[in-house]
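Architecture and fold: a report
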Amino acid sequence: MTRYVMVADLRRCVGCQTCTAACKEGNGTPPGVQWRRVLDLETGTYPNVNRVFVPVGCQHCANPPCMEVCPSTATGQRADGIVTIDYELCIGCSYCAMACPYDARSMVDHAEYAFGEQPTAVEATRIGRERIGVATKCTFCAGRIDAGTARGLVPGQDPEATPLCVNSCISGALRFGDIEDKDGPIATLLAENQWFRMHESEGTEPGFYYIWDKGTL
Amino acid sequence: MSQTVTSRRQRHWDLRAAGNFIGGGTGSGLIVVAAIAAVAGEPFRLPLALGLGFVAAGLSLVWLEIGKPWRAFNVFFHPRTSWMTREGIVATVLIPLGAAAVAADSVPAAVLAALLAAGFLFCQARILRAARGIPAWRQGELMPLILATGLAEGSGVFLLAGAHAVPWLTLTLFALLAREGAWLAYRAGLAGTPAAARALGVFATPPARLARAAQLAGLAAVALALGFALLAAPGTPELPATLLAWAGGVLAALSGWGVKALLITRAAFIRAVVLPVVPTRGSGGRGSGGSHARAV
């Protein structure tokens, strides 16, 4: 059984936002919509403060609250754990956005362009009318994964089968792969480091792990 | 160790969504009170029709808000887990059954409609409760607050429909007291939930204080009207009691609407990011990443 997850090593992330740019470029999201964000946070109280960069987005939960509340069954879950949205079923009620503890869902009511009312040449080819008026979010680049695995490639190891944000990460902070592959790089990485998942108390079992060891408690 | 919280207000549900909870709550409450009136042998068709109108108006507002209104039928696809689907299903039975009760002047149908209305209101409360992203809605005490508020609003509007007799004033007073208790419990619950701190701040703003003042004024007006009704000597003019009942009814409804509008559009902060731990970058000790305060 395959369960794709993402790992963000908070010790490595430098907050360069290359993953954000790569996602935006690859997925053609409208202005203001970012499926892969990197938060730039300051924690603690002066003078004992830390700065930390936190990649965030859809956590592809094993128990996705967005799927539970979705009235149209537009939100689904693949056998490999990736949480999906069927744009043809979604009614754009945004209830999923209320249910997501990770603030990972977006919806735009009309096409927006970066420069004025007309799309640029690139935007015109990327606008994706089916994504207007419906909920959208990170897909873990499911299309790339499917195309890659169909060619016998391994997601997380072969770039052609790996999410764009992971491919673009300059510091190796973002990793992707099958956590069920017990001898694979993801399972090994998690076994050798301390990690946490966000909002575990909600029972969502997110598929997004944050490595933090040797840090402050 | 400090936690970093970057919650922000939800950006998707505006007053149209709040209108569904306002119309649904008031309408459901009114239908329930109308059914009680029906069983008591009182006229019930007007308040029942009005209640159905509130429910329908609320649902219409939601229809105006969704991104793909012509796919609205898809809302019925997920009854297994979605309270929004269940709300829609209940509404599709409630509205025609209630209309039939009005048309046929049928007490049994009115009672059935009231049961469905209670179910509809319960679904609305569960819709909010299931929104795991928003601590102010996840609060367990919100369920009784939504239910009591619906009954308070509905009984308040029922007073406006002309029923000022002691039983209806007593019922309204009971509903307002129940809402008062539910409100205090909800506030206390929020105060005990760190993730809901920003929502608690919203309920300290001037609009919230105004709604709260209206809530208390409505309670006082209904209590006074009931006092007049109980204690007035025969032949005493009814106008003061009537005015007080009307004022109480208006305030009971408006204050509930105000609180719901704030709850849906202003107090709804998404949980967002909470870091239980923070890493220290670099090869040194804690100081390598933590000793230099830098502008973010």
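Everything that follows concerns the structure shown earlier in this document.
What comes next concerns the included structure. All values derive from a computational prediction rather than experimental measurement. Residue numbering note: each chain is counted from 1, following its sequence as written. Each chain takes a letter, starting from A, and each ligand takes a number, starting from 1, following the order in which they are written. Only residues with pLDDT of at least 70 get local features here, since the model is predicted, and only at 80 or more are side-chain atom pairs given and counted; chain-wide, interface and lining totals rely on the full set of residues. Computation of side-chain values: all heavy atoms of the structure, hydrogens and water removed.

Numbering of helices and strands starts at the N terminus; helices are DSSP runs of H or I of at least 4 residues and strands are runs of E of at least 2. In terms of helices and strands, chain B carries 11 helices and 0 strands. The principal-axis extent of the C-alpha atoms belonging to chain B is close to 90 × 45 × 25 Å. By residue count, 50% of the 296 residues in chain B fall in the buried class. Here a residue-residue contact requires only that any non-hydrogen atoms of the pair lie within 4.5 Å. Taking the intrachain contacts of chain B between residues at least 6 apart in sequence as the baseline, contacts between residues at least 24 apart amount to 78%. Accessible area for chain B stands at about 12400 Å²; split by element, carbon and sulfur atoms hold 70% of it. Only four residue types enter the tally: Lys and Arg on the positive side, Asp and Glu on the negative side, with His and both chain ends excluded. By convention, charge coordinates are those of NZ in Lys, CZ in Arg, CG in Asp, or CD in Glu. Charge separation in chain B, taken as the distance between the mean sites of 24 positive and 9 negative side-chain charges, equals 21 Å. Each residue is placed in one exposure class: buried if its accessible area under a 1.4 Å probe, protein chains only, is under 20% of its type's maximum, exposed if it is over 50%, and partly exposed if it falls in between. Here the accessible surface of atoms and residues is derived via Shrake-Rupley with a 1.4 Å probe, and residues count as covered only by protein chains that are part of the display.

We now examine the overall build of chain A. For chain A, the helix and strand inventory stands at 7 helices and 10 strands. Radius of gyration: over C-alpha atoms. The globule rule applied is 2.2 Å multiplied by the number of residues raised to the 0.38 power. Taking 17 Å as the expected radius of gyration for a compact globule of 217 residues, we find that chain A reaches 17 Å, a close match to that expectation. In terms of overall dimensions, chain A has C-alpha extents of about 50 × 45 × 35 Å along its principal axes. Burial status across chain A gives 59% buried among its 217 residues. Of the roughly 8900 Å² of accessible surface on chain A, 51% is carried by carbon and sulfur atoms. Measuring between centres, the 19 positive side-chain charges of chain A sit 4 Å from its 26 negative side-chain charges.

Turning our attention to helix H3 (residues 83–104) of chain B. Helix length check: H3(B), at 22 residues, gives a terminal C-alpha distance of 31 Å against a target of 32 Å (1.5 Å per residue), a fit within 8%. Looking at the packing, one finds that the buried side of H3(B) touches helix H3 (95–99) of chain A together with helix H1 (15–39), helix H2 (45–65) and helix H4 (107–129) of chain B. Of the residues one or two after H3(B), Asp105(B) is the one with positive phi, at around 55 degrees. Multiply 1.5 Å by the residue count of a helix minus one, and that product is the helix's expected span.

As a further point, take the state of the cysteines. Every disulfide links exactly two cysteines, by a covalent bond between their sulfur atoms. The disulfide definition used here is simple: a pair of cysteine sulfur atoms within 2.5 Å. Inspection of every chain in the model, using the stated rule, returns 0 disulfides over all chains. The thiol of Cys93(A) is not disulfide-bonded; the next cysteine sulfur, from Cys96(A), is found 6.2 Å away. Given a relative accessible area of 11%, Cys93(A) falls into the buried group. Distance from the sulfur of Cys123(B), which forms no disulfide, to the nearest cysteine sulfur (Cys93(A)) is 15 Å.

This part covers the pairing of strand E8 (residues 174–178) of chain A. Along any regular strand, the residues point their side chains to alternate faces of the sheet. All names here are of chain A. With 4 of 5 residues buried, E8 lies mostly within the body of the structure. DSSP bridges decide pairing: two strands pair if at least two such bridges lie between them. Sheet analysis places strand E1 (residues 4–9) next to E8, joined by 5 bridges and oriented antiparallel. Each bridged residue has a counterpart across the sheet, and for Ala 8 the counterpart in E8 is Leu 174.

On to the side chain of Ser106(A). If you trace the backbone, Ser106(A) turns up in strand E6 (residues 106–107). Excluding residues that lie within four positions of it along the chain, Ser106(A) makes contacts with Val33(A), Val134(A), Ala135(A), Thr136(A) and His12(B).

This paragraph deals with the interface of chain B and chain A. Across the boundary between the two partners, chain B contributes 54 residues, which contact 63 residues of chain A. Both sides of the chain B and chain A interface together cover about 5000 Å² of buried area, and 56% of this is carbon and sulfur. A carboxyl oxygen of Asp or Glu within 4 Å of a side-chain nitrogen of Lys or Arg is what we treat as a salt bridge. Applying the counting rule to chain B against chain A returns 5 salt bridges. With a closest N to O distance of 4.0 Å, Arg11(B) and Asp103(A) form a salt bridge. Secondary structure elements with two or more residues in the side of chain B that touches chain A: H3, H4, helix H5 (135–138) and helix H11 (287–290) of chain B. Summed over both partners, the accessible area lost on bringing two parts together, with a 1.4 Å probe, is the buried area.

On to a nonpolar patch on the surface, then. Residue and element names in this part refer to chain B. In this scheme, patches are assembled from residues that exceed 30% relative accessible area and form no salt bridge. Like charges are connected within 9 Å, while nonpolar side chains (Val, Leu, Ile, Met, Phe, Trp, Tyr) are connected within 5 Å. A cluster of nonpolar side chains, Leu 160, Leu 239, Leu 243, Trp 246, Val 250 and Leu 254, forms an exposed patch at the surface whose accessible area comes to about 530 Å². Of the residues forming the nonpolar patch, the biggest block, 5 residues, is contributed by helix H10 (residues 239–265). On the secondary structure map, Leu 254 appears in helix H10.

Tyr95(A), Trp13(B), Ile31(B), Trp137(B), Tyr186(B) and Phe203(B) are the most contacted members of the largest nonpolar core, which totals 88 residues. The element that contributes the greatest number of residues to this core is H4(B), accounting for 11 residues. Ignoring anything within four residues of it in the chain, the contact list for Ile31(B) reads Leu48(B), Gly51(B), Leu52(B), Val55(B), Leu94(B), Ala113(B), Ala114(B) and Ala117(B). To qualify as a nonpolar core, a set must consist of buried Ala, Val, Leu, Ile, Met, Phe, Trp, Tyr and Cys residues joined through side-chain atoms within 4.5 Å. Within the second largest apolar cluster, 56 residues are counted, among which are Ala8(A), Val54(A), Cys165(A) and Val277(B).

The subject of this paragraph is the packing of helix H6 (residues 142–160) of chain B against helix H7 (residues 166–191) of chain B. All names here are of chain B. Note on geometry: axes are lines fitted to C-alpha atoms, helical ones only across the stretch in contact, with angles between N-to-C directions running from 0 to 180 degrees. At a closest axis distance of 8 Å, the pairing of H6 and H7 adopts a crossing angle of 150 degrees. As summarised for this structure, H6 and H7 are arranged roughly antiparallel, according to the angle between their axes. The way H6 lies across H7 gives a crossing that is left-handed. Between H6 and H7, the contacting residues are Leu 142, Pro 144, Leu 145, Ala 148, Thr 149, Leu 151, Ala 152, Glu 153, Ser 155, Gly 156, Phe 158 and Leu 159 on the first element and Trp 168, Leu 169, Thr 172, Ala 175, Leu 176, Ala 178, Arg 179, Ala 182, Trp 183 and Tyr 186 on the second. Among the residues making up the contact of H6 with H7, the classes are represented as 16 nonpolar, 4 polar and 2 charged. Should an angle fall under 35 degrees it is called roughly parallel, over 145 degrees roughly antiparallel, and 65 to 115 degrees roughly perpendicular, with every other angle called oblique. The crossing is said to be left-handed when, going from far helix to near helix, the turn is anticlockwise and less than a right angle, and right-handed when the turn is clockwise. Classification used: nonpolar for Ala, Val, Leu, Ile, Met, Phe, Trp, Tyr, Cys and Pro, charged for Asp, Glu, Lys and Arg, polar for all others including Gly.

With that settled, the discussion passes to the packing of H4(B) against H6(B). Residue and element names in this part refer to chain B. The interhelical angle for the contact between H4 and H6, taken along N-to-C directions, is 145 degrees, at an axis separation of 9 Å. Crossing angle aside, the handedness with which H4 passes H6 is right-handed. On the side of H4, the interface is formed by Leu 121, Phe 122, Ala 125, Arg 126, Leu 128 and Arg 129, while H6 contributes Leu 142, Met 143, Ile 146, Leu 147 and Gly 150. The residue inventory of the contact of H4 with H6, partitioned by class, reads 8 nonpolar, 1 polar and 2 charged.

Looking at where Arg8(B) falls in the secondary structure, it is placed in the segment before H1. A relative accessible area of 33% means that Arg8(B) is categorised as partly exposed. In this structure the C-alpha to C-alpha distance between Arg8(B) and Arg271(B), which are 263 residues apart in sequence, comes to 7.7 Å. Look past the residues within four positions of Arg8(B) in its chain and what remains in contact with it is Arg37(A), Asp103(A), Arg198(B), Ala268(B), Phe269(B) and Ile270(B). Among the polar contacts made by the side chain of Arg8(B), one reaches the side chain of Asp103(A) at a distance of 2.5 Å. Counted as a polar contact is a pair of N or O atoms within 3.5 Å, where, for protein atoms, one must be capable of donating a hydrogen and the other of accepting one, and residues adjacent in sequence contribute only when both atoms are in side chains.

Worth remembering: the numbers are spatial, not functional.
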